[in-house]
Amino acid sequence: RFGPNQKRHVMTLDTIMIFAAGRGTRMRELTDDLPKPLIPVAGKPLIDHALELADGAGIDRKLVNTHYLGQKLAAHLKTRNDVLISHENGAALETGGGLKHALPLIDRKVVMTLNPDAVWTGRNPLTVLADSWQADIMDALLMLVPVENATGHKYDGDFIVDSKGRISRITTNGGQAFVFTGAQIVHTDLLQAIPQDRFSFNLLWDQLIAKGRLFSTIHHGGWADVGTPEGLNLAEHMLRTSSNV
């Protein structure tokens, strides 16, 4: 049902997984009857913001995983013939497990992934990822943002980066802190080698850090974490005041 991709990255980067299975408990009553990806930001559901990024980057194949109130999300997406749904029964499988579970639907060695609970300004992050990807040296490429530019993000940074873009965990030795934005490119074969069905990408990332195969690219526009009602308000303010909405 997916048409052929005519873009430059057709051989490896024509597919994206959008993670939409989370419960969204930090959103409190906003997710009592609505899955978090359907919460509107600036008049548009978060999932539609994410799909617009994928469309703008020329990514033909979209896969969305669902769990909590998944039928509402599936109904919202039913008119899009470029989107497949990977529903997770039982316990949600987290990010790494969710992609591993969905792999039979996409049959791709390399995919992009995106968390929809953020909004962006500036250059399309998925285009930046595609332009930065080097399959010979990278097993995964993460889009990061400096912690001081992470609007709505209440926690310390996730990583530090060396002069070649390789990622390490934050240590007491200092270094500029960066936050993972929720966008990445990853080799899917690596997930098949993990025996667990339910796991976070952090498990894989730590393996790749040890091998020197986890790399970064930096988003230089705006990024807002829409994980709480307060973050939602900050995200809408960012979009209103940006010259690139």
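Structure shown above.
In what follows, the accompanying structure is described. Bear in mind the structure is a predicted one, so any value in this text is a computation, not a measurement.

Concerning the overall build of the protein
- When helices and strands are tallied, the protein shows 7 helices and 14 strands.
- Relative to the compact-globule value of 18 Å for 245 residues, the protein shows a C-alpha radius of gyration of 17 Å, a close match.
- Over its C-alpha atoms, taken along the principal directions, the protein stretches across nearly 45 × 40 × 35 Å.
- When the 245 residues of the protein are sorted by exposure, 53% land in the buried category.
- Within the protein, contacts between residues separated by at least 24 positions form 72% of all contacts whose residues are at least 6 apart in sequence.
- Here the protein has roughly 11,400 Å² of accessible surface; of this, 51% comes from carbon and sulfur atoms.
- Of the side-chain charges in the protein, 25 are positive and 26 negative, and the distance between the mean point of each set is 3 Å.

Some words on the nonpolar core
- Counting 35 residues, the largest nonpolar core has Leu-114 and Leu-126 as its most contacted members.
- Setting aside residues no more than four positions away along its own chain, Leu-126 makes contact with Ile-16, Leu-53, Ala-54, Ala-57, Ile-59, Met-112, Leu-114 and Ala-183.
- With 27 residues, the next largest nonpolar core counts Phe-159, Phe-178, Leu-190 and Leu-208 among its residues.

What to know about the side chain of Thr-181
- For Thr-181, the location among the structural elements is in strand S12 (residues 178–187).
- The exposure class of Thr-181 is buried, given its relative accessible area of 3%.
- At 2.8 Å, the side chain of Thr-181 and the backbone oxygen of Met-143 are in polar contact.
- Excluding anything up to four places from it in sequence, Thr-181 contacts Ala-118, Trp-120, Met-143, Leu-144, Val-145 and Trp-223.

Side note on the pairing of strand S13 (residues 214–218)
- For S13, the tally of buried residues reaches 5 of 5 residues, placing the bulk of the element in the interior.
- Burial along S13 is two-sided: Leu-214, Ser-216 and Ile-218 and Phe-215 and Thr-217, pointing in opposite directions, are all buried.
- Where strand S8 (residues 140–146) meets S13, 5 bridges bridge the pair, whose relative direction is parallel. Bridged to Met-143 within S13 is Thr-217.

Describing helix H3 (residues 94–106)
- Here H3 is 13 residues long and its end C-alpha atoms lie 18 Å apart, about the 18 Å a rise of 1.5 Å per residue gives.
- By the largest-angle criterion, Lys-100 marks the main kink of H3, which is about 30°, and a proline, Pro-104, follows within four residues.
- Taken as a whole, H3 has its buried residues at Gly-96, Gly-97, Gly-98, Leu-99, Lys-100, Ala-102, Leu-103 and Ile-106.
- A positive backbone phi angle near 50° is found at Asp-107, which sits one or two residues after H3.

Re the pattern of salt bridges
- Scanning all chains against the criterion turns up 14 salt bridges.
- The residue Glu-230 makes a salt bridge to Arg-28 at a minimum N-O spacing of 3.1 Å. With a gap of 202 residues between them, Glu-230 in helix H7 (residues 229–241) and Arg-28 in the loop between strand S1 (15–19) and strand S2 (40–41) connect regions that are remote in the sequence.
- Here Glu-230 falls in the partly exposed class, since its relative accessible area comes to 36%.
- When its relative accessible area of 44% is taken as the criterion, Arg-28 is described as partly exposed.
- A single network of salt bridges, built from pairs that share partners, joins Asp-55, Lys-62, Arg-80 and Asp-82.

So, the pairing of strand S5 (residues 83–87)
- In terms of strand pairing, strand S4 (residues 61–66) meets S5 through 5 bridges, oriented parallel. Paired with Thr-66 across the strands is His-87, a residue of S5.
- In terms of handedness, the path from S4 via helix H2 (residues 70–77) over to S5 forms a crossover that is right-handed.

Here's the deal with the side chain of Lys-100
- In this structure, Lys-100 sits in helix H3.
- Of the side chains with opposite charge, Asp-197 lies nearest to the buried Lys-100, which makes no salt bridge, at 4.2 Å.
- Excluding anything up to four places from it in sequence, Lys-100 contacts Leu-191, Gln-192, Ile-194, Pro-195, Gln-196, Asp-197 and Phe-199.

Rules of the game
Within each chain, residue numbers correspond to sequence positions counted from 1 in written order. Selection of residues for local features in this predicted model requires a pLDDT of at least 70, selection of side-chain atom pairs for listing and counting requires 80 or more, and totals for whole chains, interfaces and linings are taken over all residues. With hydrogens and water set aside, each side-chain value is computed from the structure's full complement of heavy atoms. Helical segments are the DSSP runs of H or I of at least four residues, strand segments are the runs of E of at least two, and each set is numbered from the N terminus. Just to be clear, the radius of gyration here is over C-alpha atoms, and the globule rule we use is 2.2 Å times residues to the power 0.38. The rule is simple: take the accessible area with a 1.4 Å probe, protein chains only, and divide by the maximum for that residue type; under 20% is buried, over 50% is exposed, in between is partly exposed. Pairs of residues are marked as contacts when any of their non-hydrogen atoms sit within 4.5 Å. Accessible surface area values rest on a Shrake-Rupley calculation with a 1.4 Å probe, where residue burial reflects the displayed protein chains alone. A residue counts as positive if it is Lys or Arg and as negative if it is Asp or Glu; His and the chain ends are not included. To locate a charge, take atom NZ for lysine, CZ for arginine, CG for aspartate or CD for glutamate. Residues enter a nonpolar core if they are buried and are Ala, Val, Leu, Ile, Met, Phe, Trp, Tyr or Cys, with the set joined through side-chain atoms within 4.5 Å. Counted as a polar contact is a pair of N or O atoms within 3.5 Å, where, for protein atoms, one must be capable of donating a hydrogen and the other of accepting one, and residues adjacent in sequence contribute only when both atoms are in side chains. Any two strands with at least two DSSP bridges between them are considered paired. One fewer than the residue count of a helix, multiplied by 1.5 Å, yields its expected span. The angle separating two fitted axes, one through the seven residues that finish at a residue and one through the seven that start at it, defines the bend at that residue. Each reported salt bridge corresponds to a side-chain nitrogen of Lys or Arg within 4 Å of a carboxyl oxygen of Asp or Glu. A crossover gets the label right-handed when its path from the first strand over the helix to the second runs clockwise, viewed with the strands pointing away from the viewer.

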